[in-house]
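Listed below are the residues making up each chain.
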Amino acid sequence: MVPVRVLGVALDSAQQHVILLAPLPGSSVEDGTVLPVWIGPQEAMSILVALEGAATPRPLAHDLMVVMLRQLSASVERVQVTRLTEGTFYAEIHLRTPQGPLIIDARPSDAIALAARTDAPVAVAEAVFAVAGVPEGAVEFDARGDDDRVEEFRRFLDDVDPEDFQG
């Protein structure tokens, strides 16, 4: 496993959200390589909110997961992106529970959003980097900074009304 950090969230040329994972210094992956993992817009915003430490008026789904884990006396030990099969990334959340270790299959976006809230380390299988890693310069970030996106999300949360979601 290659220990990584979240480099950022970007938009690709098709305006799809991508989380960029960069190996930590001293890893076995070539310096300047990143792993782009395509994720949904809600997961992208959840990860950005966690990375920025932004407060939300109500807990997001990943915040709720953290509360539930604490109430169950469980903690996130680490998150691992384990494989890439037919274009789909797979991850595991490794938990420490009163009953012993537990591994939960998860989407990488959910696992990383949870890791960002719990300060759990994230790692990626070397084989995944070998297949899907790209030079950092090959990925361009959206011109808007992460702070702008988080602020835009805060404004949305401030202005949203439950009736807006009724059919």
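Residues numbered from 1 in each chain as written. Predicted model: local features only at pLDDT ≥ 70, side-chain atom pairs only at ≥ 80, totals over all residues. Heavy atoms only, no water.

Some thoughts on the sheet that holds strand E2 (residues 17-23)
Taken together, the eight strands give an open sheet; going across it, the order is E6-E5-E4-E7-E1-E2-E3-E8, and neighbouring strands pair in mixed fashion. For this open sheet the edge positions go to strand E6 (100-106) and strand E8 (134-135), each flanked by a neighbour on one side alone. Of the strand pairs in this sheet, E2 and strand E3 (residues 33-39) are connected by five bridges, and their pairing is antiparallel. Each bridged residue has a counterpart across the sheet, and for valine 18 the counterpart in E3 is tryptophan 38. (Pairing = 2+ DSSP bridges. Helix = DSSP H or I, 4+ residues; strand = E, 2+ residues; numbered from the N terminus.)

Some words on the nonpolar core
Counting residues in hydrophobic clusters, the biggest one holds 39 residues, and the most contacted among them are Ile19, Leu21, Leu35, Val76, Ile93 and Val124. Look past the residues within four positions of valine 76 in its chain and what remains in contact with it is Leu69, Ile93, His94, Leu95, Leu114, Thr118 and Ala120. (Core = buried A, V, L, I, M, F, W, Y, C linked by side-chain atoms within 4.5 Å. Buried < 20%, exposed > 50% of the residue type's maximum accessible area, 1.4 Å probe, protein only. Contact = heavy atoms within 4.5 Å.)

Description of helix H1 (residues 41-52)
With 12 residues, H1 ought to run about 16 Å at 1.5 Å a step, and its terminal C-alpha atoms sit 16 Å apart, in line with that. Listed in full, the buried residues belonging to H1 are Glu43, Ala44, Met45, Ser46, Ile47, Leu48, Val49 and Ala50. Positive backbone phi, approximately 65°, marks glycine 53, located one or two places after H1. (Expected span 1.5 Å × (residues − 1).)

Examining the pattern of salt bridges
Tallying each qualifying case throughout the model produces five salt bridges. Salt-bridge contacts for arginine 107 lead to glutamate 43; the nearest nitrogen and oxygen are separated by 2.8 Å. Of this pair, arginine 107 sits in the loop between E6 and helix H3 (108-118) while glutamate 43 sits in helix H1, and the two are 64 residues apart along the sequence. Among the residues examined, arginine 107 registers a relative accessible area of 45% and is labelled partly exposed. Residue glutamate 43 is classed as buried on the basis of its relative accessible area, which comes to 12%. A salt bridge links arginine 107 to aspartate 110, with the nearest nitrogen and oxygen atoms 2.8 Å apart. Here the salt bridges share partners, and the residues they tie into one network are Glu43, Arg107 and Asp110. (Salt bridge = Lys/Arg side-chain N within 4 Å of Asp/Glu carboxyl O.)

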